[in-house]
Amino acid sequence: MIKVITGARRAGKSYLMNELFYRHLINSGVPSTNIIRFAFDSDEDIDLLDQFFTEENSKINQKQSISYVNSKKFRAYIKGRTNDSEQFYLLLDEVQLLENFTGTLNGFLRHSNFDIYVTGSNSKFLSSDIATEFKGRGSVVHVLPLSFSEYVENSPLSYDESWKEYIITGGIPLVAKMKNSEERVSYLKNLCDETYLKDIIEHNGVRKQIELADTFDVIASMIGTPVNISKLTNTFKSVLKKEISLDTVNSFIEYFENAFVISKVNKYNIKGRRYVGSPFKLYFEDLGVRNARLNFRQNEETHIMENIIYNELRYRGFNVDIGELTISEKTDRLDVNGKNIYVQKSLEVDFIATKGSQKFYIQSALAMNSEEKQIQEKKSLFYIDDSFKKLVITRNRLAPSVDENGIITVDLFDFLMNPEILS
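This one's a predicted model, so the numbers in the text were calculated from it and none came from an experiment. (Residues numbered from 1 in each chain as written. Predicted model: local features only at pLDDT ≥ 70, side-chain atom pairs only at ≥ 80, totals over all residues. Heavy atoms only, no water.)

Asks: Could you give an account of the sheet that holds strand S10 (residues 319-334), with specific residues and numbers?
Replies: The strands making up a sheet associate through hydrogen bonds between their backbones, and the pairing can be parallel or antiparallel. Ordered by their spatial adjacency, 8 strands build an open sheet running S9-S8-S10-S11-S12-S13-S15-S14, and the pairing between neighbours is mixed. Strands with a single pairing partner mark the edges of an open sheet, and in this sheet they are strand S9 (274-284) and strand S14 (401-402). When S14 meets strand S15 (residues 407-411), the two strands line up antiparallel, connected through 2 bridges. Its bridge partner being in S15, valine 402 is matched across the sheet by isoleucine 408. In this fold helix H11 (residues 246-258) packs onto strand S8 (262-269) and S9, with an angle of close to 110 degrees to the strand it touches most, S8. (Pairing = 2+ DSSP bridges. Helix = DSSP H or I, 4+ residues; strand = E, 2+ residues; numbered from the N terminus. Contact = heavy atoms within 4.5 Å. Axes fitted to C-alpha atoms, helices over the stretch in contact; angles between N-to-C directions.)

What follows is the structure, encoded as structure tokens:
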């Protein structure tokens, strides 16, 4: 299958393919002559096509100042560098600039000795529907920004100092390499306005562009909090003084999700074993992008920590849901017979993380400085009666501990730096 490398802008797709994966192939003993790297936005690479079908131009079909690479000449170039007996790896960058790229790549699949990897940066490649372009012949490799452990790997700073940076400017690799905070802030703001929004507008033909930008602002301020579409439309009416329909808001959220800006996480009723459609939660793939959209004004560490834990679980290959429990709780009020009245109460588990036969119930708690706070954070976990592990992640700087109910308390940095915690 064609490996289609997707991810948000500047997440590191090209670097993963052209540097890391290329080195892996070389270190595995693959001859460099059997690895064909071609960037369709590189004039140096395109010049290599001039020797084929010399009567035709290598660049054709200029549309809106965009030139496409002649697919006939490119196929001839690949044929000239390959044979039918050896294994070849095609690493193709910015493949959307190849004329009829889906037809050409699907044609390459007829060669059983071709292993094909592609990246792209137009709106189609930034959307979750790219696999449909290859009619079931494509496998998506999704690239996320740097995790916290990756962020600190080459940093001279302590975990605490790295954390202070990471929760503000996020894990986009290029941003992480910048030493100047003003440069980081400026880059992220420009990325939001000049790249992310424009990609979404272009791909979806959005006409209500101001409302789309407003939705970006609103959802950026709501990470880790339940999102109800009806209440969201009321926010437009009451705060922004704008009328917007439920369907439009739903569509806008879907656009941001498809562009890998946010992730939408539904609730799962643990006792009832069913999904609850609304309310849901939204988390950002990169917090630097989220913070830039809010002009770095809302840096509430509690919700940011929850977002980072969610992303970390995804990095480790877990499927993640929000947990919900409905319990019957005894009150001090009495009924006519003098018996205590019970009320139905809904409790939330921050995350249910599943991978194969593994399952973990996880609470995110920035601090648990009192017994009352500990009871509050662990309460929902008390009512889960299956045998899967239950964890509370907090910043206590202590070694992991287990209470009498089997609930494990883990320090945030231990969790982020040690994948074995979830084993």
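Asks: Describe the packing of aromatic side chains, with residues and values.
Replies: For the structure on display, the rule yields 25 aromatic pairs. Between phenylalanine 21 and tyrosine 117 the ring centres are 4.6 Å apart and the planes differ by 50 degrees, which places this aromatic pair in the tilted class. Highlighted residues: phenylalanine 21 in helix H1 (residues 13-27) and tyrosine 117 in strand S6 (residues 114-119), separated in sequence by 96 residues. With 5.9 Å between their ring centres and 70 degrees between their planes, phenylalanine 108 and phenylalanine 114 make a pair best called edge-to-face. Classification of phenylalanine 108 as buried rests on a relative accessible area of 5%. A residue is classified by how much of its surface remains accessible, and phenylalanine 114, at 10% relative accessible area, is buried. Cluster of aromatic residues (ring-pair linked, three or more members): Phe38, Phe40, Phe52, Phe74, Tyr77, Phe88, Phe108 and Phe114. (Phe/Tyr/Trp six-rings, centres within 6.5 Å; stacked < 30°, edge-to-face > 60°. Buried < 20%, exposed > 50% of the residue type's maximum accessible area, 1.4 Å probe, protein only.)

Asks: Give a detailed account of helix H3 (residues 71-81), specifying residues and quantitative values.
Replies: Buried residues of H3: Ser71, Lys73, Phe74, Ala76, Tyr77 and Ile78, and no others. The secondary structure elements touched by the buried residues of H3 are strand S2 (35-39), strand S4 (66-69), strand S5 (88-93), helix H4 (101-108) and S6. Among the residues of H3, the N-terminal cap falls to asparagine 70, whose side-chain oxygen and the backbone nitrogen of lysine 72 are separated by 2.9 Å. (Polar contact = N/O pair within 3.5 Å; in protein donor to acceptor, adjacent residues only side chain to side chain.)

Asks: Account for the environment of isoleucine 309, with residues named and values stated.
Replies: For isoleucine 309, the location among the structural elements is in helix H13 (residues 301-315). When the C-alpha atoms of isoleucine 309 and serine 245 are compared, they prove to be 33 Å apart, with 64 residues separating the residues in sequence. Not counting chain neighbours up to four residues away, the residues in contact with isoleucine 309 comprise Phe351, Ser364, Ile393, Leu412 and Phe415.

Asks: Break down the sheet that holds S5 for me, citing the residues and quoting the values.
Replies: Read across the sheet, 5 strands follow the order S2-S5-S6-S1-S7 without closing on themselves; strand pairing throughout is parallel. Each having just a single partner strand, S2 and strand S7 (138-143) make up the two edges of the open sheet. When the angles between neighbouring strand axes are averaged without regard to direction, this sheet yields 20 degrees. Here 5 bridges tie S2 to S5, and the two strands are oriented parallel to one another. From the neighbouring strand, alanine 39 faces S5, where its bridge partner is aspartate 93. Contacting S2, S5 and S6, H3 crosses the sheet at an angle of about 160 degrees to S2.

Asks: Please give an account of helix H9 (residues 209-220) that cites residues and values.
Replies: Taking 1.5 Å as the rise per residue, H9 with 12 residues should run 16 Å; its terminal C-alpha atoms sit 17 Å apart, in good agreement. Within H9, 9 of the 12 residues are buried, which leaves it mostly tucked inside the rest of the structure. Among the residues making up H9, those that are buried are Glu211, Leu212, Ala213, Asp214, Thr215, Phe216, Val218, Ile219 and Ala220. Those residues of H9 hidden inside the fold are in contact with helix H8 (181-204), helix H10 (229-238), H11, S8, S9 and helix H12 (287-293). (Expected span 1.5 Å × (residues − 1).)

Asks: Account for the pattern of salt bridges, naming residues and giving values.
Replies: Evaluated as defined, the whole model comprises 25 salt bridges. In this structure, the salt-bridge partner of aspartate 385 is lysine 271, at a minimum N-O distance of 3.9 Å. With aspartate 385 in the loop between helix H14 (371-382) and strand S13 (389-394) and lysine 271 in the loop between S8 and S9, the pair connects residues that are 114 residues apart, well separated along the chain. Since its relative accessible area comes to 44%, lysine 271 is described here as partly exposed. Across the pair lysine 281 and glutamate 306 runs a salt bridge, and its minimum N-O distance is 3.3 Å. A residue pair is termed long-range when its members are at least 10 positions apart, and lysine 281 in strand S9 and glutamate 306 in helix H13 qualify at 25 residues. Residue lysine 281 shares its accessibility class with glutamate 306, and that shared class is buried. Linked through salt bridges whose partners overlap, the residues forming this network are Asp160, Glu301, Arg395 and Arg397. (Salt bridge = Lys/Arg side-chain N within 4 Å of Asp/Glu carboxyl O.)

Asks: Outline the side chain of lysine 267, listing residues and values.
Replies: Relative to the elements of secondary structure, lysine 267 occurs in strand S8. Classification of lysine 267 as buried rests on a relative accessible area of 10%. Of the polar contacts made by the side chain of lysine 267, one reaches the side chain of glutamate 348; its length is 3.4 Å. Beyond its immediate stretch of four places on either side in the chain, lysine 267 contacts Arg274, Tyr275, Val276, Pro279, Ile322, Glu324 and Glu348.

Asks: Kindly report on the packing of helix H6 (residues 159-169) against H13, identifying the contributing residues and their values.
Replies: Running from N to C, H6 and H13 cross one another at 90 degrees; their axes reach a closest spacing of 11 Å. What the angle tells us is that H6 and H13 run roughly perpendicular. Note on element contacts: H13 touches H6 through Glu301, Ile304, Met305, Ile308 and Tyr315, opposite Trp163, Tyr166 and Ile167. Partitioning the contact of H6 with H13 into residue classes produces 7 nonpolar, no polar and 1 charged. (Parallel < 35°, antiparallel > 145°, perpendicular 65-115°, else oblique. Nonpolar A, V, L, I, M, F, W, Y, C, P; charged D, E, K, R; others polar.)

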